[in-house]
Amino acid sequence: MMTRGIRRRRSAVVAVLSAGALALATGSASAAPTLINVGSPTGVYETTHTRDGKVGVPDLGFGDAIVADCWGRGDNIGNRGNVWYHTLSERYNASTRQELFVEGWTYGAYVDGNAAFHSGAFREC
């Protein structure tokens, strides 16, 4: 009799853990880092506000790329929108062919005209 109660509890625990793992897998899939080619020169900033300054890596140019994992709202530069990409790394394809792993923020309108944002490539931060 007691064995049946233990089995039921084990089954319930396994079901809860399985559901939790499925929820985590679904949530993290939308946060997958995305490679985005840079369409015009842009800097990598500390925050989504230019007043806070850059992170200290060279500016990106046409032919370079970023790896971003989410987007946030910040400064609206030149009335082109307030979307910024949370940048995990910078790939300098056009010049040095190196990749730097410095986190920061890049202005979506300068990176790709906000295309990754509009396509839903990643979620809001």
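Bear in mind the structure is a predicted one, so any value in this text is a computation, not a measurement.

Conventions we followed
- Residues numbered from 1 in each chain as written.
- Predicted model: local features only at pLDDT ≥ 70, side-chain atom pairs only at ≥ 80, totals over all residues.
- Heavy atoms only, no water.
- Helix = DSSP H or I, 4+ residues; strand = E, 2+ residues; numbered from the N terminus.
- Contact = heavy atoms within 4.5 Å.
- Polar contact = N/O pair within 3.5 Å; in protein donor to acceptor, adjacent residues only side chain to side chain.
- Buried < 20%, exposed > 50% of the residue type's maximum accessible area, 1.4 Å probe, protein only.
- Pairing = 2+ DSSP bridges.
- Phe/Tyr/Trp six-rings, centres within 6.5 Å; stacked < 30°, edge-to-face > 60°.

A.B. asks: Mind showing me how you'd approach the environment of S40 here?
C.D. replies: With respect to the helices, strands and loops of the structure, S40 is situated in the loop between β1 (34–37) and β2 (65–73). Taking C-alpha positions, S40 is 9.2 Å from G113, a pair spaced 73 residues apart along the chain. Not counting residues within four places of it along the chain, the set of residues in contact with S40 comprises L60, Y110 and V111. Of the polar contacts made by the side chain of S40, one reaches the backbone oxygen of Y110; its length is 2.9 Å.

A.B. asks: Before we go on, may I ask you to explain the pairing of strand β3 (residues 83–92) in this structure?
C.D. replies: Residues in a regular strand point their side chains to alternate faces of the sheet. Burial analysis of β3 places 8 of its 10 residues in the buried class, the great majority of the element. Judged from the 8 bridges that link them, β2 and β3 form a sheet pairing that is antiparallel. Residue pairing for β3: R73 is matched across the bridge by V83. The pairing of β3 with strand β5 (residues 104–107) spans 4 bridges and is antiparallel. Directly across from Y85, in β5, lies its bridge partner T106. As defined by bridge partners, β3 adjoins strand β4 (residues 98–100) across 3 bridges and the pair is classed as antiparallel. In the sheet register, R91 faces β4, and the bridge partner there is E99.

A.B. asks: It is not clear to me how unusual backbone geometry should be interpreted in this structure. Could you clarify?
C.D. replies: With a phi close to 60°, R97 is a non-glycine residue in the positive phi region. Given the relative accessible area of 67%, R97 is considered exposed. A positive phi angle, near 65°, is found at N114, a position not held by glycine. With respect to the helices and strands, the residue N114 is situated in the loop between α2 (108–112) and α3 (115–119).

A.B. asks: Would you mind going over the pairing of β2 with me for this structure?
C.D. replies: Within β2, 8 of the 9 residues are buried, leaving the element largely enclosed by the surrounding structure. Of the pairings in the sheet, the one linking β1 to β2 comprises 4 bridges and is antiparallel in character. Bridging across to β2, L35 finds its partner in V67.

A.B. asks: Help me understand the packing of aromatic side chains, please; the structure alone is not making it clear to me.
C.D. replies: The description of an aromatic ring pair uses the distance of the two centres, along with the angle that the planes make with each other. Evaluation of the coordinates by the stated rule reveals 5 aromatic pairs. Between W84 and Y107 the ring centres are 5.2 Å apart and the planes differ by 55°, which places this aromatic pair in the tilted class. A residue pair is termed long-range when its members are at least 10 positions apart, and W84 in strand β3 and Y107 in strand β5 qualify at 23 residues. For Y107, a relative accessible area of 1% puts it in the buried group. Pairing Y107 with Y110 gives two aromatic rings, centres 5.0 Å apart and planes at 85°, and the pair type is edge-to-face.

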